[in-house]
Amino acid sequence: MPTHFTRRSPIRGITVATAVASLATGLAACGGTSDAATTTDSAKSGEVVIGQVSNGAATRTTVKVSEVKSISAELPAAVKRRGKLEIGIGALPAGFPPLAYVGNDQKTLTGSEPDLGRLIAAVFGLKAEVKNSTWENLFVGVDSGKVDVAFSNVTDTEERKKKYEFASYRQDNLAFIVPKKSTWNFDGTYENLAGKTIAVGSGTNQEKILLEWKARLAKEGKKLTVKYFQDSPSTYLALNSGKIDASFGPNPGFAYHNRQVAGTPNATRTAGTYSGAGASLQGLIAATAKKDSGLAEPLADAINYLIKNGQYAEWLKAYNLSDEAVAKSEVNPPGLPLDNS
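Bear in mind that the values here come from a model prediction, so they are computed numbers and not experimental data. (Residues numbered from 1 in each chain as written. Predicted model: local features only at pLDDT ≥ 70, side-chain atom pairs only at ≥ 80, totals over all residues. Heavy atoms only, no water.)

### Things to note about the nonpolar core
Note that soluble globular proteins tend to have their nonpolar side chains buried in a common cluster.
Here is step 1: The biggest cluster of nonpolar side chains holds 49 residues, and the ones touching the most others in it are Leu-85, Leu-119, Ile-120, Phe-124, Phe-151, Leu-299 and Trp-315.
Here is step 2: Mapped by element, the contributors of at least two residues to this core are β2 (47-50), β4 (84-89), α4 (112-124), β7 (127-132), β9 (164-179), β14 (283-290), α9 (296-309) and α10 (311-318).
Here is step 3: Residue contributions to this core peak at seven residues, all from α4.
Here is step 4: Once residues within four sequence positions are removed from consideration, Leu-119 is found in contact with Val-48, Ile-50, Val-63, Val-65, Leu-306 and Trp-315.
Here is step 5: Counting 20 residues, the second largest nonpolar core, distinct from the first, contains Val-178, Leu-193, Val-200 and Ala-271. (Core = buried A, V, L, I, M, F, W, Y, C linked by side-chain atoms within 4.5 Å. Buried < 20%, exposed > 50% of the residue type's maximum accessible area, 1.4 Å probe, protein only. Helix = DSSP H or I, 4+ residues; strand = E, 2+ residues; numbered from the N terminus. Contact = heavy atoms within 4.5 Å.)

This is the structure:
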């Protein structure tokens, strides 16, 4: 995610995301500050198309899923009355395949995150209206009620529970990406980062972890340099040119990038992974709604319905994310501790 707050027009934001997705450069962060146009799911009743216009990031799969009235009855009255689930995605300006980005039709927001939102909306018997914004504005949208729920690789943390409620749906695994020729590997300890220059997204869970490691190293008289870039292409350019040693971010995006650049002069590899909740707890990615919105319970029930009936496995398989599956969606499960331990 970016550290700069440059004003961008909606049209420019979509154009940048489209161009990058079409080139399949494999992005892993989001940025900018303006919102993109919304898109409403137009699939036939009773089915959701996973991986639509995905530009190779997913195997296109049509999944059968219809309203489950016992679950839709749990929704807040205002959401049911509106007839649509307003879903927030923080993928501007450039997106982060395979999780969320503008597809190769140059307009459809695709990726595993919006597709899960569409599946859940179908269980609720609602239309899915997906709104793309920057990472920072994603939370503004949830806070203001502009969107009902965020599906945007949001990590469940104890800090965030002060303002939000969660329904978990995927393991949160972070990773370090390095040039393929690099001999450095992350061994799971912060001491391993001494003397390194690492890029990270501003305002993200991985930034919180990295800055804590930086502070620990500083107390030991050792240096860790943290760098921020406007978007993923800028980060990868810095990586390729040697300006940074590695970038720290979501594992799915880096795994996608590794596949896209394999065999090129800019080939990269994953140099180690880390749980998004710290060393002692498996991190979880969760649907994120405003605290006390009444949405976490029905969201978890919808996800568990999809798990039980196989659509969840089809969704993960389409995006090559099966290794990040959870056995059950939980409401407000233990998350990244306040002390980051």
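Next, the rest of the story.
### Comments concerning unusual backbone geometry
Here is step 1: Following Leu-92, the chain continues to Pro-93 via a peptide bond in cis, the omega torsion being 5 degrees.
Here is step 2: Residue position: Pro-93 is located in the loop between β4 and β5 (101-102).
Here is step 3: For the peptide bond that leads from Pro-97 to Pro-98, omega is 5 degrees, which places it in the cis range.
Here is step 4: Structurally, the position occupied by Pro-98 is in the loop between β4 and β5.
Here is step 5: Positive phi is not limited to glycine here, since Val-53 has a value of about 45 degrees.
Here is step 6: Relative to the elements of secondary structure, Val-53 occurs in the loop between β2 and β3 (61-64).

### Considering helix α6 (residues 205-219)
Here is step 1: Compared with the 21 Å implied by 1.5 Å per residue over 15 residues, the 22 Å span of α6 between its first and last C-alpha is a close match.
Here is step 2: The set of residues buried in α6 consists of Asn-205, Gln-206, Glu-207, Ile-209, Leu-210, Trp-213 and Leu-217.
Here is step 3: Directly after α6, the chain includes Gly-221, whose backbone phi takes a positive value near 75 degrees. (Expected span 1.5 Å × (residues − 1).)

### Some thoughts on the environment of Glu-113
Here is step 1: With respect to the helices, strands and loops of the structure, Glu-113 is situated in helix α4.
Here is step 2: Its relative accessible area of 0% is what places Glu-113 among the buried residues.
Here is step 3: The spacing of Glu-113 and Ile-87 is 26 residues in sequence and 9.8 Å in space, taken between C-alpha atoms.
Here is step 4: Excluding its chain neighbours within four sequence positions, the residues that come into contact with Glu-113 are Ile-89, Leu-99, Phe-151, Ser-152, Asn-153, Tyr-169, Arg-170, Ile-285 and Trp-315.
Here is step 5: A polar contact is formed between the side chain of Glu-113 and the side chain of Tyr-169, at a distance of 2.6 Å. (Polar contact = N/O pair within 3.5 Å; in protein donor to acceptor, adjacent residues only side chain to side chain.)

### What about the pairing of strand β12 (residues 246-250)?
Here is step 1: Taking burial as the measure, the five residues of β12 include five buried ones, the bulk of the element.
Here is step 2: Where strand β10 (residues 197-200) lies against β12, three bridges are found, and the strand directions are parallel. What sits directly across from Val-200, in β12, is Phe-248. (Pairing = 2+ DSSP bridges.)

### Describing the confidence of the model for the chain
Here is step 1: Averaged over all residues, the pLDDT of the chain equals 87, while 87% of them reach at least 70.
Here is step 2: In the model, residues 1-34 has pLDDT below 50 throughout and makes 102 contacts with residues more than four positions away in sequence or in other chains. (pLDDT = per-residue confidence, 0-100.)

### Re the environment of Phe-124
Here is step 1: Locating Phe-124 in the fold gives a position in helix α4.
Here is step 2: By relative accessible area, which is 1% here, Phe-124 ends up buried.
Here is step 3: Discounting chain neighbours no more than four positions away, the residues touching Phe-124 are Glu-67, Ile-71, Ser-72, Leu-75, Leu-85, Pro-298, Leu-299 and Ala-302.

### Let's talk about the pattern of salt bridges
Here is step 1: Here the structure, examined in full by the defined rule, presents 17 salt bridges.
Here is step 2: With its nearest N and O atoms 4.0 Å apart, the salt bridge here joins Glu-86 to Arg-82.
Here is step 3: You can call Glu-86 buried: its relative accessible area is 10%.
Here is step 4: With a shortest N-O distance of 3.1 Å, Arg-216 and Glu-212 are connected by a salt bridge. One end of the pair, Arg-216, and the other, Glu-212, are both in helix α6, four residues apart, so they sit about a helical turn from each other.
Here is step 5: A relative accessible area of 30% means that Arg-216 is categorised as partly exposed.
Here is step 6: Among the charged side chains, a network of salt bridges with common partners joins Arg-82, Lys-84, Glu-86, Glu-129, Lys-131 and Asp-148. (Salt bridge = Lys/Arg side-chain N within 4 Å of Asp/Glu carboxyl O.)

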